[in-house]
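In case you want the letters, here they are:
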Amino acid sequence: IVDSLTAYASYTEIFQPQWIGTRDRNNHVLAPVTGQNKELGLKLSLFGDKLVAQAGLFWLNQVNVAEPNFAGEYPGVCGGMLDPCSQASGKTKADGWDISIVGEVVPGLQVMGGYSSVDNEGSWFAPTRRQFNFAANYTAPEDRWSLGASVKHHAGWTWREEWYFAPGTGNMYYGGEEAFTVVSLHDRLKLPNYLDASVEIANLLDEKYLSQHDWPA
């Protein structure tokens, strides 16, 4: 568009065979995931390419995404709440956008940050996501010392808006997580004889959150 502003667009056809362990109640591997992914975006370079900002939109449509089937069972292969059989979804849709910035704002100060928003439709097990990340690090002249901080915020989410009855189990579930913010600090001091001393404080606010989501967590 101009020397420092670039536009991009992409279109991708998706064909992804399922993992051999993704089996349905008849012990058959699910059909491959198929679909399309479309993207549009802008990228802006500043200060002689030292700082880059980017914004993008995407639209993802897929069919045959693997989902748990709690009512199905194939003895010795899958079944039950902890190791359910799988079933292929119908059409699923994920629309979203993101913005990001990365690079050097002033000499010695590096920043990296972004915000993303994804809305999912067509699957009970694909929640809407809102996430913000930002990190900054300052390095003193001649690399004598450095100091940095980072913050990560995840908005609360649920994979259903109401309680879910899992067929074949007699149980009802409500999956999700409250919003949380994680703050971390780190610093480094250059010592004589090519030595460094460093300190890092992870999760300064002592937030409790799930680092990985799986059924039934």
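Keep in mind that this is a model prediction, so the values were computed, not measured.

Turning next to the environment of E73. Along the polypeptide, E73 turns up in strand 5 (residues 73-74). Since its relative accessible area comes to 56%, E73 is described here as exposed. What E73 contacts, discounting residues up to four positions off in sequence, is R25, C78, G79 and C85.

Attention now moves to the pattern of salt bridges. A complete count under the given rule lists five salt bridges for this structure. Across the salt bridge formed by K93 and D95, the nearest N and O atoms sit 3.5 Å from each other. Here K208 makes a salt bridge to D206, at a shortest N to O gap of 3.9 Å. Given the relative accessible area of 54%, D206 is considered exposed. Here the salt bridges do not stand alone but share partners, grouping D143, R188 and D196 into one network.

How each quantity is defined
- Residues numbered from 1 in each chain as written.
- Predicted model: local features only at pLDDT ≥ 70, side-chain atom pairs only at ≥ 80, totals over all residues.
- Heavy atoms only, no water.
- Helix = DSSP H or I, 4+ residues; strand = E, 2+ residues; numbered from the N terminus.
- Buried < 20%, exposed > 50% of the residue type's maximum accessible area, 1.4 Å probe, protein only.
- Contact = heavy atoms within 4.5 Å.
- Salt bridge = Lys/Arg side-chain N within 4 Å of Asp/Glu carboxyl O.

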